[in-house]
Amino acid sequence: MNAIELLKNLVRRPIDALDNFWADLDPSQLNSHPGGHPNSIAWLIWHTARETDAQIAQLAGAEQSWTAEGFEDRFELSDVNLGTADIGLGQSRDDAWAVKVEETAEGKALLRDYVETVYDKFAAWVETLTEEDLARVIDEQWDPPVTMGVRVLSVIDDATQHVGQAAYVAGTVEFVDLPRS
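Residues numbered from 1 in each chain as written. Predicted model: local features only at pLDDT ≥ 70, side-chain atom pairs only at ≥ 80, totals over all residues. Heavy atoms only, no water.

Some remarks on the environment of Ala105
Logical step 1: Tracing the sequence through the fold places Ala105 in helix H7 (residues 105–128).
Logical step 2: Expressed as a C-alpha distance, the spacing of Ala105 and Pro27, which sit 78 residues apart in the sequence, is 6.1 Å. (Helix = DSSP H or I, 4+ residues; strand = E, 2+ residues; numbered from the N terminus.)

Details of the packing of helix H3 (residues 41–60) against helix H9 (residues 148–171)
Logical step 1: H9 packs onto H3 with a crossing angle of 170° between their chain directions and a minimal axis gap of 8 Å. Here H3 lies roughly antiparallel to H9, going by the angle between them. In this structure, H3 uses Ile41, Leu44, Ile45, His47, Thr48, Glu51, Thr52, Gln55, Ile56 and Leu59 to contact H9, whose residues at the interface are Met148, Arg151, Val152, Val155, Asp158, Ala159, His162, Val163, Gln165, Ala166, Val169 and Ala170.
Logical step 2: Per-class residue counts for the contact of H3 with H9 are 13 nonpolar, six polar and three charged. (Axes fitted to C-alpha atoms, helices over the stretch in contact; angles between N-to-C directions. Parallel < 35°, antiparallel > 145°, perpendicular 65-115°, else oblique. Contact = heavy atoms within 4.5 Å. Nonpolar A, V, L, I, M, F, W, Y, C, P; charged D, E, K, R; others polar.)

Quick word on the nonpolar core
Logical step 1: Core analysis: the largest hydrophobic core is formed by 46 residues, its most contacted members being Ile41, Ile45, Phe75, Leu111, Phe122, Trp125 and Val152.
Logical step 2: Every element with two or more residues in this core is listed here: helix H1 (3–10), helix H2 (13–19), H3, helix H5 (71–75), H7 and H9.
Logical step 3: For this core, the element with the most residues is H7, which contributes ten residues.
Logical step 4: Apart from residues no more than four positions distant in its own chain, Phe75 is found in contact with Trp46, Trp66, Val101, Leu110, Leu111 and Tyr114. (Core = buried A, V, L, I, M, F, W, Y, C linked by side-chain atoms within 4.5 Å. Buried < 20%, exposed > 50% of the residue type's maximum accessible area, 1.4 Å probe, protein only.)

Quick notes on the packing of H7 against H9
Relative orientation and spacing of two packed helices are given, respectively, by the angle between their axes and the distance between those axes.
Logical step 1: At a closest axis distance of 13 Å, the pairing of H7 and H9 adopts a crossing angle of 155°. The angle between H7 and H9 places the two elements in the roughly antiparallel class. Considering only the axes of H7 and H9, their crossing is left-handed. For the pair H7 and H9, contact is made by Tyr119, Phe122 and Trp125 and by Met148, Val152, Val155, Ile156 and Ala159, respectively.
Logical step 2: Within the contact of H7 with H9, the residues separate by chemical class into eight nonpolar, no polar and no charged. (Left-handed = near helix turned anticlockwise from the far one by under 90°.)

Observations regarding the environment of Gln29
Logical step 1: Within the secondary structure layout, Gln29 lies in the loop between H2 and H3.
Logical step 2: Along the backbone, Gln29 and Ile41 are twelve residues apart, and their C-alpha atoms lie at a distance of 7.4 Å.

A look at the packing of aromatic side chains
Centre-to-centre distance and the angle between the planes together describe a pair of aromatic rings.
Logical step 1: If you walk through the whole model with that rule in mind, you get nine aromatic pairs.
Logical step 2: Ring centres of Phe71 and Tyr114 lie 4.9 Å apart, and the angle between their planes is 50°; on these two criteria the pair is classed as tilted. Taken together, the positions of Phe71 in helix H5 and Tyr114 in helix H7 put the pair 43 residues apart, joining distant regions of the chain. We note that Phe71, like Tyr114, is buried.
Logical step 3: The structure contains a cluster of three or more aromatic residues connected by ring pairs, namely Trp43, Trp46, Trp66, Phe71, Phe75 and Tyr114. (Phe/Tyr/Trp six-rings, centres within 6.5 Å; stacked < 30°, edge-to-face > 60°.)

Nothing here speaks to function; it is all geometry.
This is the structure we're talking about:
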């Protein structure tokens, strides 16, 4: 098995992890902030898709699904001062708290649709890569310099961690939503 075959398998791992708890996730739980933490389940899943979307679109030389597929408008986050480029990194507590989806089946479906769209495009792009593409240095700022293959693995690793965090929160027996302070 070569590196491309491994990546084709790995790229679906965040979706597979999401499938482990998605059906049991009640839409009313999406915007819960256990312990008053600014990152809700909706935020964790949104951020997973946004970060993947932004990084892979850049590597692929493509427009992000966030704008190309109209998700920016469908999520209606511009009302809370989150710009097109916002992917959740360095957000204030208020900005993170503002990332919400409708607590309905439709809101849950929108979130899932965005994640699926991003990972379908990611998987299709991985199919086009060669071993030489993976070895190409794309960021000289690090020691050692970052190759495309390392960046792709980093994106998958980060996404899987965030989905795991969402699974943990979703699996708690009782949500304790404390007021923001």
